[in-house]
Amino acid sequence: MTFTLTSTDIQDDGVLPDAQVHAKGNQSPQLAWSGAPEGTKSFAVTCYDPDAPTGSGFWHWTVANIPADVTELPTGAGSRGGDLPKGTIQGRTDFGQPGFGGAAPPAGHGPHRYIFTVFAVDVETLDVTADDSGAVFGFNLHFHTLAKASITATYENKA
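Scoring rules and cut-offs
- Residues numbered from 1 in each chain as written.
- Predicted model: local features only at pLDDT ≥ 70, side-chain atom pairs only at ≥ 80, totals over all residues.
- Heavy atoms only, no water.
- Core = buried A, V, L, I, M, F, W, Y, C linked by side-chain atoms within 4.5 Å.
- Buried < 20%, exposed > 50% of the residue type's maximum accessible area, 1.4 Å probe, protein only.
- Helix = DSSP H or I, 4+ residues; strand = E, 2+ residues; numbered from the N terminus.
- Contact = heavy atoms within 4.5 Å.
- Pairing = 2+ DSSP bridges.
- Axes fitted to C-alpha atoms, helices over the stretch in contact; angles between N-to-C directions.

Q: I tried to follow the nonpolar core on my own but got confused; where do I start?
A: Among soluble globular proteins, nonpolar side chains are generally buried collectively. With 28 residues, the main nonpolar core has Trp33, Val45 and Trp61 as its most contacted residues. Elements with a minimum of two residues in this core: β2 (31-34), β3 (42-49), β4 (58-67), β7 (112-121) and β8 (145-155). Here this core takes five residues from β8, the largest share from any one element. Filtering out sequence-adjacent residues up to four positions away, Trp33 remains in contact with Phe3, Thr4, Leu5, Phe43, Val45, Ile66, Val70, Thr71, Glu72, Leu73 and Val118. In this structure, Ala64, Phe119, Leu126 and Leu141 belong to the second largest nonpolar core, which totals eight residues.

Put into structure tokens, the structure is as follows:
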């Protein structure tokens, strides 16, 4: 079985809805996954914009230590006041705090890609904290990922 990621809020190769835009709704999208490989002990989720004019992209969301029996995050789970599974940790985004931060590309910069990825992880807990950056989450995931699946959507600030 193939590891897959789906969403009722965002579509692969689609445009991000206003609900996932920082200045409009700023809600993390619903995400569901299936087909995790044998040996999966937890999951992690990231949202990354490789097109940000930073030289290193922009981390919009990092989540780790999602229990292996969880296969879905509801809309808003990673947003302020959201309800993540017990033991789950959100890292510091490039906005400077933990939790989901929606699309916020500079005006006139063209469309940006937002890559939502779920990782099947071979340990129950990654050695990360709420103060850790996306790069630290990525470093830890590099050594513990069994499989990953992504949805990529775009958003352009035309203002």
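Following the structure, the description resumes.
Q: Help me understand the side chain of Thr46, please; the structure alone is not making it clear to me.
A: For Thr46, the location among the structural elements is in strand β3. In this structure Thr46 comes out as buried when scored by relative accessible area, which is 5%. Dropping the residues within four chain positions of it, Thr46 is found in contact with Trp59, Trp61, Thr62, Ile115, Phe116, Thr117, Phe119 and Leu141.

Q: Is there a simple way to think about the sheet that holds strand β6 (residues 89-90) in this case?
A: One key point about sheets: their strands pair by backbone hydrogen bonds, in either a parallel or an antiparallel sense. Pairing is antiparallel in the open sheet, where five strands are placed in the order β6-β4-β3-β7-β8. Strand pairing shows two members of the sheet lacking a second neighbour, β6 and β8, which therefore form its edges. Sheet topology note: the β4/β6 ladder contains two bridges and is antiparallel. Bridging across to β6, Ala64 finds its partner in Ile89. On the sheet, helix α1 (residues 134-144) packs against β3, β4, β6, β7 and β8 and is oriented at approximately 45 degrees with respect to β4.

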